[in-house]
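# Descriptive structure summary
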Amino acid sequence: MVRATAWILAKHFDGFPKDSDFQVKVEELSEPNDGEVLLEAVCLSLDPYLRPYSRVLMKEGDVLIGTQVAKVIQSNNPAFPLGSHVVSSCGWRSHSLSDGSDLNPIMSEWPKDLPLSLALGTVGMPGLTALYGIEEVLGLQAGETLLVNAAAGAVGSVVGQIAKIKGCKVVGSAGSDAKVAFLKELGFDQVFNYKTVSSLEEALRSASPEGYDCFFENVGGPFSTVALQQMKDLGRIAVCGSISTYNDANPHQMTMIMKQLKMEGFLQSRWADKHPESLKRLMGWVKEGKLQWREHVTKGFANMPAAFMGLLKGDNTGKAIVKAGL
């Protein structure tokens with residue numbers, strides 16, 4: 001028997017999450033049956049999607065959803081040998097049992113000098129989201145100008161770098177001077193702190209007076225409203241973050257009609273059949289030094305709720321993860 005700890009949704013979030021919305025649950029796991037493996041969390045992913053998805057996909061008392069890199073500590077499944085590592089979607093758990101159907105092995109050629117946590121970030125779901133948003137949704141072409149907000153996050157930082165690999169001009173927006181400095185290190189052409197500029201409209205126009213061919217949308221809200229006005233005719237918008245609903249003097253619909261814009265929401269899972277090859281491409285860019293990465297690491301499984309709330313406040317630069325352990 002293994003003592004397993006999990007974080008459950010004690011109460012649905014009402015506004016910004018509170019400590020009281022989270023609760024620890026302890027349970028004893030049995031030995032794995034034939035075809036099963038016992039997993040121990042190594043590092044866990046923190047993702048903003050938990051906030052909106054929790055209302056749709058979860059009920060109070062459920063283990064919080066999410067992915068992790070886990071180590072196989074007992075195995076009765078030859079596909080997942082003892083000591084191997086996998087990406088699991090078992091949620092906020094220290095240990096879990098699996099029949100293997102929800103597991104993805106870490107690629108066999110994973111470089112020994114790269115942390116396995118990258119399988120939750122640049123060479124994982126956020127990296128795939130960036131790649132598919134650029135190639136499948138936007139169809140970004142060399143010489144075009146791309147705007148990306150939340151540009152210092154797990155997805156946005158990869159978006160900008162892939163756009164540069166493709167020979168594009170990249171304008172990024174972030175919420176602190178430290179994040180702006182980070183994006184400049186990554187090679188973004190123009191970056192600004194949206195919290196300190198006197199006019200978002202002027203900042204966008206100054207960064208690219210000719211306008212924007214493509215917009216990788218991670219934020220929504222007032223930023224989106226202003227950015228739409230700066231799009232070139234026939235511009236394309238990939239909606240990764242959710243769009244806020246609000247009254248506006250210049251409705252999105254009219255701007256989109258007059259400029260003949262294309263806006264598309266997407267999830268990386270649409271192109272799941274391409275994942276193996278896409279992950280190899282992302283890893284190739286990392287090994288070549290074309291794709292830099294940064295992680296915001298919190299230590300201790302007990303700190304999952306605090307780390308998640310910090311993510312929603314924008315504390316992280318790059319991918320936010322939690323290293324398991326007490």
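To be clear, the structure that these remarks concern was listed above.
Chains are numbered independently. Their residues run from 1 in the order of the written sequence. Only residues with pLDDT of 70 or above have their local features reported here, since the model is predicted, and side-chain atom pairs are shown and tallied only from 80 upward, although totals for entire chains, interfaces and linings are computed over all residues. Only heavy atoms go into the side-chain values, all of them from the structure, while hydrogens and water stay out.

## Describing the side chain of D21
Strands are runs of DSSP state E lasting at least two residues, helices are runs of H or I lasting at least four, and both sets are numbered from the N terminus onward. Within the secondary structure layout, D21 lies in the loop between β1 (2-9) and β2 (22-29). Among the polar contacts listed, one links the side chain of D21 to the backbone nitrogen of K18, at a separation of 2.8 Å. Should any heavy atoms of two residues lie within 4.5 Å, those residues are considered in contact. Setting aside anything within four residues of it in sequence, one finds D21 in contact with I8, L9, A10, K11, H12 and F13. Here a polar contact is taken to be a pair of N or O atoms separated by no more than 3.5 Å, where protein atoms must pair a possible hydrogen donor with a possible acceptor and residues adjacent in sequence count only if both atoms sit in side chains.

## Here's the deal with the packing of aromatic side chains
Working definition: a ring pair exists when centres of Phe, Tyr or Trp rings (six-membered ring for Trp) sit within 6.5 Å. Plane angles under 30 degrees give stacked, over 60 give edge-to-face, the rest tilted. All chains considered together, the criterion is met by ten aromatic pairs. Pairing F22 with W92 gives two aromatic rings, centres 6.0 Å apart and planes at 0 degrees, and the pair type is stacked. Of the two residues, F22 sits in strand β2 while W92 sits in the loop between β5 (85-88) and β6 (95-98), which places them 70 residues apart along the sequence. For the pair F22 and W92, one class covers both residues: buried. With a 1.4 Å probe rolled over the protein chains alone, any residue whose accessible area is under 20% of its type maximum counts as buried; one over 50% counts as exposed, and the rest are partly exposed.

## Brief notes about the sheet that holds strand β11 (residues 212-217)
Only when DSSP finds a minimum of two bridges between them are two strands counted as paired. Reading across the sheet, the six strands line up as β10-β9-β8-β11-β12-β13 and stay open at both edges, with parallel pairing between neighbours. The outermost strands of the open sheet, each flanked by one partner alone, are β10 (190-193) and β13 (262-265). In this sheet, neighbouring strand axes are inclined to one another by 15 degrees on average, regardless of whether the strands run parallel or antiparallel. Its contacts with the sheet place helix α4 (residues 177-186) against β9 (169-174) and β10, and it is angled at close to 170 degrees to β10. Here the axes come from fitting lines to C-alpha atoms, over the contacting stretch only for helices, and the angles between their N-to-C directions go from 0 to 180 degrees.

## Focus: the pairing of strand β15 (residues 319-323)
With respect to burial, β15 is a largely interior element, four of its five residues being buried. Bridge count for strand β3 (residues 37-45) against β15 is three bridges, and the pairing is antiparallel. Bridge pairing links L44 to V322 in β15. Direction of pairing for strand β14 (residues 295-299) relative to β15: parallel, over a ladder of five bridges. Note that in β15 the partner of E295 across the bridge is K319.

## Concerning the pattern of salt bridges
Between side chains of opposite charge, a pair can form as their charged atoms come close. Each salt bridge in this description consists of a side-chain nitrogen of Lys or Arg and a carboxyl oxygen of Asp or Glu lying within 4 Å of one another. For the structure on display, the rule yields 17 salt bridges. Ionic pairing is found between E136 and K274, a salt bridge with its closest N-O pair at 2.5 Å. Placement of the pair is E136 in helix α2 (residues 125-138) and K274 in the loop between β13 and α8 (275-288), with a sequence separation of 138 residues. With relative accessibility at 31%, the residue E136 sits in the partly exposed group.

Keep in mind these values describe shape, not function.
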